[in-house]
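The chain contents come next:
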Amino acid sequence: MCPPGAGKGTQAKQLTDRFHLRHLSSGDILRAEKAAGTDLGKTLGQYMDAGKLVPDDVVVKVMASALSANNAAGLLLDGFPRTVEQAKALDDQLAAAGKALDVVVVMDADPALIVRRISGRRSCPKCGRVYHTETLKPRKDGVCDDCGTTLVLREDDREEVVRQRLETYRRQTEPVIAYYRGRAGLKVIDVDGAGTPKAVLKSLAAKLAELGLGS
Ligand code: AP5
């Protein structure tokens, strides 16, 4: 759980590489559908470009199918669930498969810092890799290191949309933290997203290690 732009995608990539996890990002999955230009993609795009959440019934269906196709152990969910309704649907799907969440990561950062980070973000529209004009530059200016695609500024990264996304987070996603906190058998880790990417990863990895996860 993390406000937009706090760095969850950046940390998710580091954690999946380091701990050999599979990364399932709802934002990446929805952007791929939008880019495909399907009817569903066009509908999703209207919510995403306005900084609003895509309706629960649509996201739950899309993510249920992605989860079923990636049912191996060691899955890192990024951006899902984002409402209490989505969290309940995820619980039901996991219970039906005899599985459960191990850890929930809550990462926060100051809104002013978030706006600065997002304004410098450049993303690869093909593989989803994320860069920053100041703090995380690609080897060749404007080109993805991994797949050679030209980097873009996401349509929802304009400042007024970012502010709408932050408001959406406070209203619809923060209640999910309370839904998980205190649940028996589920660990909730709090991480300060304000440091450098390396410092945040170090703090996150140390907290996971304290729980006996990763090394
Ligand atoms: P999504 O793609 O999930 O976007 P988001 O939550 O708004 O998060 P971001 O991708 O903007 O930020 P991030 O925290 O991953 O930051 P990043 O690591 O890139 O969702 C997009 C949209 O899809 C939603 O608005 C919604 O419409 C829809 N959607 C998705 N899931 C949904 C769901 N479950 N239900 C309904 N709708 C859903 O970092 C940002 C920048 O900062 C980068 O440039 C990075 O290089 C830099 N940076 C990162 N960490 C640091 C650091 N520590 N120091 C300095 N710079 C840093």
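Heads up: these notes are all about the structure in this document. (Residues numbered from 1 in each chain as written. Predicted model: local features only at pLDDT ≥ 70, side-chain atom pairs only at ≥ 80, totals over all residues. Heavy atoms only, no water.)

## A few points about the site of the ligand
Stated formally: What makes a residue near a molecule or strand is one non-hydrogen atom of that residue sitting within 4 Å of it. Definition of a polar contact: a pair of N or O atoms within 3.5 Å, with one able to donate and the other able to accept a hydrogen when the atoms are protein atoms, and with sequence-neighbouring residues admitted only if both atoms are side-chain atoms. What sets the accessible areas is the Shrake-Rupley method with a 1.4 Å probe; for residues, cover comes only from the shown protein chains. For the purposes of this entry, the term helix denotes a DSSP run of H or I that reaches at least four residues, the term strand denotes a run of E that reaches at least two, and both are numbered from the N terminus.
As a matter of local geometry, the ligand sits amid 34 residues, with Thr10, Lys52, Arg82, Arg121 and Arg165 nearest to it. The contact in question runs from a nitrogen atom of the ligand to an N or O atom on the side chain of Ser26, over 2.7 Å. At 3.4 Å from a nitrogen atom of the ligand is found a side-chain nitrogen or oxygen belonging to Thr135. A total of 1,000 Å² of accessible area belongs to the ligand in isolation, and the protein chains cover 97% of it. Breaking the shell around the ligand down by element, the ones donating at least two residues are α1 (8-19), α2 (26-35) and β5 (130-132). Among the elements that take part in the shell around the ligand, α2 stands out by supplying 4 residues, more than any other.

## Notes on the side chain of Asp78
Spelled out, the test is: Buried, partly exposed and exposed residues are distinguished by accessible area as a fraction of the type maximum, computed with a 1.4 Å probe on protein chains only: under 20%, between the cut-offs, and over 50%, respectively. Contact definition: two residues touch when any of their heavy atoms are within 4.5 Å.
With respect to the secondary-structure elements, Asp78 resides in strand β2 (residues 75-78). Classification of Asp78 as buried rests on a relative accessible area of 5%. For Asp78, the side chain forms a polar contact with the side chain of Lys8, separated by 2.9 Å. Setting aside residues no more than four positions away along its own chain, Asp78 makes contact with Lys8, Gly9, Ala12, His23, Leu24, Ser25 and Ser26.

## Focus: the nonpolar core
Test applied: Here the nonpolar core consists of buried residues drawn from Ala, Val, Leu, Ile, Met, Phe, Trp, Tyr and Cys, with membership extended through side-chain atoms lying within 4.5 Å.
Judged by nonpolar contacts, the single largest core of 22 residues is most densely connected at Met1, Leu30 and Tyr180. Of all elements in the fold, only α3 (39-49), α4 (56-69), α5 (84-96), β3 (103-108) and α7 (159-180) reach the threshold of two or more residues within this core. In terms of residues, this core owes the most to one element, α4, which gives 5 residues. Each residue touching Leu30, except ones within four places of it in the same chain, is listed here: Leu44, Met48, Val54, Val59 and Val62. Judged by nonpolar contacts, the second largest core, of 20 residues, contains Ala12, Phe19, Leu76 and Val200.

## Quick notes on the pattern of salt bridges
Which entries qualify depends on this criterion: The working definition used for a salt bridge is a side-chain nitrogen of Lys or Arg within 4 Å of a carboxyl oxygen of Asp or Glu.
Applying the stated rule across the entire model yields 18 salt bridges. Across the pair Arg129 and Asp146 runs a salt bridge whose closest N-O atoms are separated by 2.9 Å. On the criterion of sequence distance, the pair formed by Arg129 in the loop between β4 (121-123) and β5 and Asp146 in the loop between β5 and α7 is long-range, its members being 17 residues apart. Looking at Arg129, the relative accessible area reads 26%, which means it is partly exposed. With a relative accessible area of 49%, Asp146 lands in the partly exposed category. In this structure, a network of salt bridges that share partners links the residues Arg121, Arg154, Asp156, Asp157 and Arg165.

## Structural notes on the packing of α1 against helix α8 (residues 197-210)
Here is the rule: Axes, fitted as lines to C-alpha atoms, cover a helix only where it is in contact. Angles between the N-to-C directions of the axes lie from 0 to 180 degrees. With respect to orientation, any angle under 35 degrees is reported as roughly parallel, any angle over 145 as roughly antiparallel, any angle of 65 to 115 as roughly perpendicular, and every other angle as oblique. If you view the pair so one helix is near and one far, a crossing is left-handed when the near helix is turned anticlockwise from the far one by less than a right angle, and right-handed when it is turned clockwise. In this count, Pro and Cys sit with the nonpolar residues alongside Ala, Val, Leu, Ile, Met, Phe, Trp and Tyr, while Asp, Glu, Lys and Arg are called charged and the others, Gly among them, polar.
The interhelical angle for the contact between α1 and α8, taken along N-to-C directions, is 55°, at an axis separation of 10 Å. Relative to α8, α1 is oriented oblique. For the pair α1 and α8, the crossing hand works out as right-handed. Within the contact between the two elements, α1 uses Thr10, Gln11, Gln14, Leu15, Arg18 and Phe19 and α8 uses Pro197, Val200, Leu201, Leu204, Ala205 and Leu208. A breakdown of the residues in the contact of α1 with α8 according to their chemical character gives 8 nonpolar, 3 polar and 1 charged.

Any functional reading would require information that these geometric values do not contain.
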